[in-house]
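Architecture and fold: a report
As a plain string of letters, each chain reads:
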Amino acid sequence: MGTKEEAQGTLSSTDFGVAASAFILNWNTVCSSFPPWTWVLSHHQVEGYLSLENVLLSSTQEEHSELSFPEAGKHSHQEDPIDVDDATLVHTNPCKVHYYDLHIIYCNSYRVPVLYFRAYDSDGEPLEFDEIEKDLPAYSKKALSDSKWTFITQEEHPYLNRPWYKLHPCGTSEWMKLLFHADDALAKTGVAIELYLVAWLSVVGHVVGLRIPFEMMKQL
Amino acid sequence: MASESIVVFAQFQSAVDEGFWHRFSSLKLNKLGIDDSPIPITGFYAPCSHPQVSNHLTLLAESLPSESNEQSSTAATSGGNRNRCPVPGILYNTNTIESFHALDKKSLLKAEAKKIWDDIHTGKAVEDSAVLSRFLLISFADLKKWTFHYWFAFPALVLDPPATLVDLRRASQYFSLEEAKSVSAACNEWRNSSLTADVPFFLVCVDPNSLATVKHIKDWETCQSDGNKLLFGFYDPCHLPNNPGWPLRNFLALISVRWNLKSVRFLCYRENRGFADLGLSLVGEALITVPQGRAAKTGNGLGWRDHQCLPNAVGWEQNKGRQVSRCISLAKSMDPTRLAISAADLNLKLMRWRALPSLNLNALSSMKCLLLGAGTLGCQVARMLMAWGVRKITLVDNGRVAMSNPLRQSLYTLDDCLNGGEYKATAAVKSLGRIFPAVDAEGVVMAIPMPGHPVPSQEEDNVLEDCRRLHDLVDSHDAVFLLTDTRESRWLPTLLCANTNKITITAALGFDSFLVMRHGAGPFSSNDERQRLGCYFCSDVVAPIDSTANRTLDQQCTVTRPGLAPIASALAVELLVGILHHPQGIFADGELANSSNSGSCEQPLGVLPHQIRGSLSQFSQMTLVGQSSNSCTACSSTNIRKEEWNLSSKQSIILPI
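The shown structure was predicted, so the numbers you read here are calculated from the model rather than taken from an experiment.

**Regarding the packing of helix α12 (residues 376–387) of chain B against helix α18 (residues 564–581) of chain B**
All names here are of chain B. The N-to-C vectors of α12 and α18 enclose an angle of 45°; their axes lie 8 Å apart at closest approach. Considered as vectors, α12 and α18 are oriented oblique to each other. α18 is crossed by α12, and the crossing has right-handed handedness. Residues Thr376, Leu377, Gln380, Val381, Met384 and Leu385 of α12 form the contact with α18, whose participating residues are Ala565, Pro566, Ala568, Ser569, Ala570, Val573 and Leu576. Residues that form the contact of α12 with α18 fall into these classes: 10 nonpolar, 3 polar and no charged.

**Looking at the interface of chain B and chain A**
Contacts between the two partners involve 52 residues from chain B, matched on the other side by 44 residues from chain A. In this assembly, chain B packs against chain A so that about 4400 Å² is buried in total across both faces, 56% of it on carbon and sulfur atoms. The partner of Arg118 of chain A in a salt bridge is Glu18 of chain B, with the nearest N and O atoms 3.4 Å apart. Connecting chain B to chain A are 8 residue pairs in polar contact (both at pLDDT 80 or more). At 5 residues, helix α10 (residues 336–354) of chain B tops the list of elements feeding residues into the side of chain B that touches chain A. In terms of residue class, the side of chain B that touches chain A is made up of 24 nonpolar, 17 polar and 11 charged. Two strands pair when backbone bridges link them, and strand β3 (residues 88–89) of chain A and strand β1 (residues 9–10) of chain B are joined in this way by 2 bridges, in the parallel orientation. Paired with Thr88 of chain A across the bridge in β1 of chain B is Phe9 of chain B.

**Topic: the nonpolar core**
Note that soluble globular proteins tend to have their nonpolar side chains buried in a common cluster. Residues and elements named next belong to chain B. Phe175 and Phe251 are the most contacted members of the largest nonpolar core, which has 105 residues in total. Residues contacting Phe175, with those up to four places away along its chain left out, are Ala180, Val183, Val206, Leu231, Leu278 and Val283. Core analysis: the second largest hydrophobic core is formed by 55 residues, Ile393, Ala479, Leu509 and Ala588 among them.

**What to know about the sheet that holds strand β8 (residues 164–170) of chain B**
All names here are of chain B. With mixed pairing, the 6 strands of this open sheet are ordered in space as β8-β15-β12-β11-β9-β10. Only two strands of the sheet have a single neighbouring strand rather than two, namely β8 and β10 (212–216). If you compare each strand with its neighbour and ignore which way they point, the axes differ by 30° on average. In terms of strand pairing, strand β12 (residues 263–269) meets strand β15 (residues 282–287) through 6 bridges, oriented antiparallel. Across the sheet, the residue bridging to Ser263 is Leu287, located in β15. The strands that helix α7 (residues 247–259) touches are β9 (201–206), β11 (229–235), β12 and β15; relative to β11, the one it contacts most, it runs at about 140°.

**As for the environment of Phe100 of chain B**
All names here are of chain B. Assignment of secondary structure puts Phe100 in helix α2 (residues 97–102). A C-alpha to C-alpha distance of 9.9 Å links Phe100 and Ser325, two positions 225 residues apart in sequence. The residues touching Phe100, leaving out its near neighbours within four places in the chain, are Thr94, Lys105, Ile138, Ser139, Phe140, His149, Tyr150 and Ser325.

**Observations regarding the pattern of salt bridges**
Should the charged atoms of two oppositely charged side chains come close, the side chains can pair. Residues and elements named next belong to chain B. Summed over all chains, the structure comprises 23 salt bridges over all chains. Across the salt bridge formed by Arg134 and Asp119, the nearest N and O atoms sit 3.3 Å from each other. One end of the pair, Arg134, is in the loop between α4 (124–127) and β6 (135–142); the other, Asp119, is in helix α3 (residues 105–122), with 15 residues separating them in the sequence. The burial state of Arg134 is the same as that of Asp119; both residues are buried. The salt bridge involving Glu422 is made with Lys430; its shortest N-O contact spans 2.6 Å.

**Points about the side chain of Ser14 of chain B**
Structurally, the position occupied by Ser14 of chain B is in strand β2 (residues 14–16). By relative accessible area, Ser14 of chain B is classed as buried at 2%. At 2.7 Å, the side chain of Ser14 of chain B and the side chain of Glu317 of chain B are in polar contact. Apart from the residues within four sequence positions on either side, Ser14 of chain B is in contact with Ser122 of chain A together with His56, Leu57, Tyr150, Phe152, Phe154, Glu317 and Arg326 of chain B.

**Observations regarding α3 of chain B**
Since the α-helix advances by 3.6 residues per turn, residues separated by three or four positions end up pointing in the same direction. All names here are of chain B. In a regular helix each residue adds 1.5 Å, so 18 residues correspond to 26 Å; α3 covers 26 Å between its end C-alpha atoms and thus fits that length. Along α3, the positions that sit buried rather than exposed are Lys105, Leu108, Leu109, Glu112, Ala113, Ile116, Trp117, Asp119, Ile120 and His121. Just beyond α3, the residue with positive phi is Gly123, at close to 95°.

**Regarding a nonpolar patch on the surface**
Taken together, the side chains of Met403, Leu414 and Leu418 of chain B present a nonpolar region at the surface, about 310 Å² in accessible area. Of note, Leu418 of chain B is situated in the loop between α13 (405–408) and α14 (424–435).

**With respect to α14 of chain B**
Here α14 of chain B spans 16 Å end to end across 12 residues, near enough to the 16 Å set by a 1.5 Å rise per residue. Residues Lys424, Ala425, Ala427, Ala428, Val429, Ser431 and Leu432 of chain B constitute the buried set of α14 of chain B.

**Examining the packing of aromatic side chains**
By convention here, two paired aromatic rings are described through the distance between centres and the angle between planes. Residue and element names in this part refer to chain B. Under the counting rule described, the total for this entry stands at 29 aromatic pairs over all chains. Where Phe152 meets Phe154, the ring centres are 5.8 Å apart and the plane angle is 15°; that geometry is what we call stacked. The residues Phe152 and Phe154 share a single accessibility class, namely buried. An aromatic cluster of three or more residues is present, and its members are Phe12, Phe20, Trp21, Phe24, Tyr45, Phe135, Phe148, Tyr150, Phe152 and Phe154. Stacked on the ring of Tyr423, the Lys or Arg Arg400 has its end atom at 4.0 Å from the ring centre. The ring of Tyr536 carries Arg490 above its face, with NZ or CZ at 5.2 Å from the centroid.

**Focus: the confidence of the model for chain B**
Residue and element names in this part refer to chain B. Across chain B, the average pLDDT comes to 86, with 87% of residues at 70 or higher. The model gives residues 551–556 a pLDDT under 50, and that stretch makes 3 contacts with residues more than four places away or in other chains. Counting contacts from residues 644–649, a segment whose pLDDT is below 50, to residues more than four positions away or on other chains yields 9 contacts.

**With respect to the pairing of strand β21 (residues 479–482) of chain B**
Residues and elements named next belong to chain B. Burial of the side chains of β21 extends over both faces: Ala479 and Phe481 are buried on one face and Val480 and Leu482 on the other. Across 4 bridges, β21 lies against strand β22 (residues 503–509) in parallel orientation. Bridging from a neighbouring strand, Phe481 pairs with Ile505 of β22. In terms of handedness, the path from β21 via helix α16 (residues 491–500) over to β22 forms a crossover that is right-handed.

**Some words on the state of the cysteines**
Residue and element names in this part refer to chain B. Summed over the entire model, instances satisfying the criterion amount to 0 disulfides over all chains. In this structure Cys369 is a free cysteine whose sulfur lies 12 Å from that of Cys497, the closest cysteine sulfur available. Residue class for Cys369 comes out buried when judged on its relative accessible area of 0%. In this structure Cys379 is not part of a disulfide, and its nearest cysteine sulfur, from Cys417, lies 11 Å away. Judged by its relative accessible area of 0%, Cys379 is buried.

**Some details on the sheet that holds strand β18 (residues 368–372) of chain B**
All names here are of chain B. Strand order in the open sheet made by the 8 strands is β20-β19-β18-β21-β22-β23-β24-β25, with mixed pairing throughout. In the strand order of this sheet, the two ends are held by β20 (440–444) and β25 (620–624), each with one partner. With strand direction ignored, the average angle separating the axes of adjacent strands in the sheet is 15°. As defined by bridge partners, β18 adjoins β21 across 4 bridges and the pair is classed as parallel. Paired with Leu372 across the bridge in β21 is Leu482.

Conventions we followed
- Think of each chain on its own: its residues are numbered from 1, step by step along the sequence as written.
- Labels follow written order: the first chain is A, the first ligand is 1, and so on.
- Restriction of local features to residues with pLDDT of at least 70 applies here, the model being predicted, together with a cutoff of 80 or more for giving and counting side-chain atom pairs; totals for whole chains, interfaces and linings are based on all residues.
- Hydrogens and water are ignored here; the side-chain numbers use all heavy atoms of the structure.
- What counts as an axis is a line fitted to C-alpha atoms, over the stretch in contact for a helix, and the angles between N-to-C directions run from 0 to 180 degrees.
- In this description a helix means any DSSP run of H or I spanning at least four residues, a strand means any run of E spanning at least two, and both kinds are numbered starting from the N terminus.
- Working definition: roughly parallel below 35 degrees, roughly antiparallel above 145 degrees, roughly perpendicular at 65 to 115 degrees, and oblique for all remaining angles.
- Helix crossings get a hand from a simple test, with the near helix turned counterclockwise from the far one by less than a right angle marking a left-handed crossing and a clockwise turn marking a right-handed one.
- Here a residue-residue contact requires only that any non-hydrogen atoms of the pair lie within 4.5 Å.
- Residues are grouped as follows: Ala, Val, Leu, Ile, Met, Phe, Trp, Tyr, Cys and Pro are nonpolar; Asp, Glu, Lys and Arg are charged; every other residue, Gly included, is polar.
- Each of two parts loses accessible area, computed with a 1.4 Å probe, when they are put together; buried area is these two losses added.
- For salt bridges, the criterion is a side-chain nitrogen of Lys or Arg within 4 Å of an Asp or Glu carboxyl oxygen.
- In protein, a polar contact means a hydrogen-donor-capable atom and an acceptor-capable atom, both N or O and within 3.5 Å, with residues adjacent in sequence counting only if both atoms are side-chain atoms; elsewhere, any N or O pair within 3.5 Å suffices.
- Two strands are said to pair when DSSP picks up at least two bridges between them.
- In plain words, nonpolar cores are sets of buried Ala, Val, Leu, Ile, Met, Phe, Trp, Tyr and Cys residues tied together by side-chain atoms within 4.5 Å.
- Whether a residue is buried, partly exposed or exposed follows from its accessible area with a 1.4 Å probe, protein chains only, as a fraction of its type maximum: under 20%, in between, or over 50%, in that order.
- Expected helix span is taken as 1.5 Å per residue step, with the number of steps being one fewer than the number of residues.
- Think of a patch as exposed residues, more than 30% relative accessible area, with no salt bridge, where like charges cluster within 9 Å and nonpolar side chains (Val, Leu, Ile, Met, Phe, Trp, Tyr) cluster within 5 Å.
- Values of accessible area rely on a 1.4 Å probe in the Shrake-Rupley scheme; residue burial ignores everything except the protein chains shown.
- Each Phe, Tyr or Trp ring (for Trp, its six-membered ring) is paired with any other whose centre lies within 6.5 Å, and the angle between the two planes then decides the class: stacked below 30 degrees, edge-to-face above 60, tilted in between.
- Criterion for a charge above a ring: Arg CZ or Lys NZ at most 6 Å from the ring centre, at most 35 degrees from the ring normal.
- Scored from 0 to 100, pLDDT records how confident the predictor is in each individual residue.
- Here, the term right-handed applies to a crossover whose path from the first strand over the helix to the second runs clockwise when the strands point away from the viewer.
- Here, a disulfide means two cysteine sulfur atoms that sit within 2.5 Å of each other.

Written as structure tokens, this is what we have:
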């Protein structure tokens, strides 16, 4: 990463690829108890992004009985009796479970990584933003509302063409600049590329409630 | 002796990723149409990896055949990996909700169960054991409402009488420490090899030296040795400590048919953090009694080994304990109109978050705007209003789209000019809807009554009717834009707006100059004695007359430099937004640009001028303030009073003097 880019808190798309590889290696070694990040190639096989999917979050929210029954009122249809035998156990999940998919995608116009995420329940039904907010730990809700640099928007995923939530990148280069300038050692040795994503995720993760294991941060 | 309880299996649970529905919708719209023949699909599952949550059988976008090779009759099982064991399935999608409910679920389940039964008997299930977990999905995709009704079935051959459970305990309690270590290692190896990671049924052989090996079930013969412990292992999606998962049902059927075993020791393989977890995994022993009843019926003594005798099957997925289908609505992420709305809202919100926290988006989206004139100014003003989030727009124009219009009037295209030309008001509304489907646009084809223009006697009633209509239109909107191309056509609207104290914005074009201004408050609008700002006519001393007669063509249709209309229109809309955000609204004083007036710095949108006059020849612009005139022909109180619902007065002004 040229010092010019570094000074601005941004990185080139090639450097993003380098940073991503380093990040995956680091994460999968240090955080083997966490699910691994993987690198996914877009269909054109040219660009790629980091992906962490099916992250399970047991929610403390109440199970809503009206959920997934949009036609409940109209259910006058009499279903034929279906055979169920004694050897079948039907279990209802006592705790409501939310799943999260996280993608880290490079943004060409802002020249920074962007965190895209979406949440869904065990039926696959996507969660609304206010439900996601309830899942966020208190410190990230505070971070989101206080900081003028972080807010969550819903936009079309660049590769999957469906709406995903993302942490808007317009403030990223600003706080990445601060992060790197704050550490003289980093600025001098210039190994910043490999550590870019860890540094970036330490801020972004804080906002969306994804805790970065301390071991990864030690290298910063 | 152990209790005579039966094995109770935990039902498989389904999970459909929205990507599956997206892909299926696209397939249906682009390729299948009304064809409702069954589609081979692939499901994916993995062993349980969480002590409190079961794993699901998941459908993803990749579960469907790609749009290019629907011709293949077998599902191209997409590459599995350790987290995705591919399982074959079939999708029956109907074209109506009625046919969805009318599907014969019993016979569909039976047909899939038969496939499993056949695979067991022919030996295919030994070679490719994933077929034991074959599944069925019925659905109705409502592509108008973007809702998907669906129901899974996981066919399981029913053992009759059911298998009894002799023992069930945690695997760590069954194996010795040495054995456990070896079993874990062997399983991890199986799970890490790309050749076997997605093979969900296997054998675990533990020799007398506590050395365990994991083998393919087709190698069953090689495991027959007296000192060995033999367990039938399978990836168990279930997390429960007292119940094995669903895949065991058909596994037991296979074991009984192929190898005629009565006592089966099984391993419910579960993981934690990517490694075998013998504390979560279960080891149990089941007793299978050959169904003599059937044998007695068929009389050939084979019982279950008789291929022709298909056992009963169960497996329709329960929905929170009820026997009903599931339904998911994906309108928010699939309906293009909703996507357009949320994208537009996002844009405005971004503006508010990043630059203008006091932006009042609700005021903008609830404001009703009336645009008199759908020409160069009207088209641009309409577009700018939509960009600001205004949704309710009414356009009034009695003209038709002419061939020269599309170049300068940004809502029209060549098609609107054909066959004599569409009415502008109508064409504009259609165009706005194409740009943003959620706009609430209305077109009114009507001429604006103008003073001084001769009215033939047979048209009198129509003209009076138009006056009434115009009055009602002004009344029912919050802001009025005067965007017509003659001075006198602005007169009656100005008067009506002053009478009802509506926000009024005028834009007028010369050849290379423009005027954009906001009218002051109406004369009866407040009890203050303070001076109102003027309207368009306040600085005139002459009554508006017919300005178009006896003029040459280029003076009748205002010829202007093309850049003027977009500039003036944009300023007109920005002026409206300024008024909306000013605490005094229509009563706000006129401010001048570049003034040291401290009041203007407080407003986040900047100064709020009264009049803006611009000149393209100078690339310059200046702001002016004009007070209202007591002898204004349009907005003075004397005139308005005369107007108060006196039709004959209106008549006298409109008919030739």
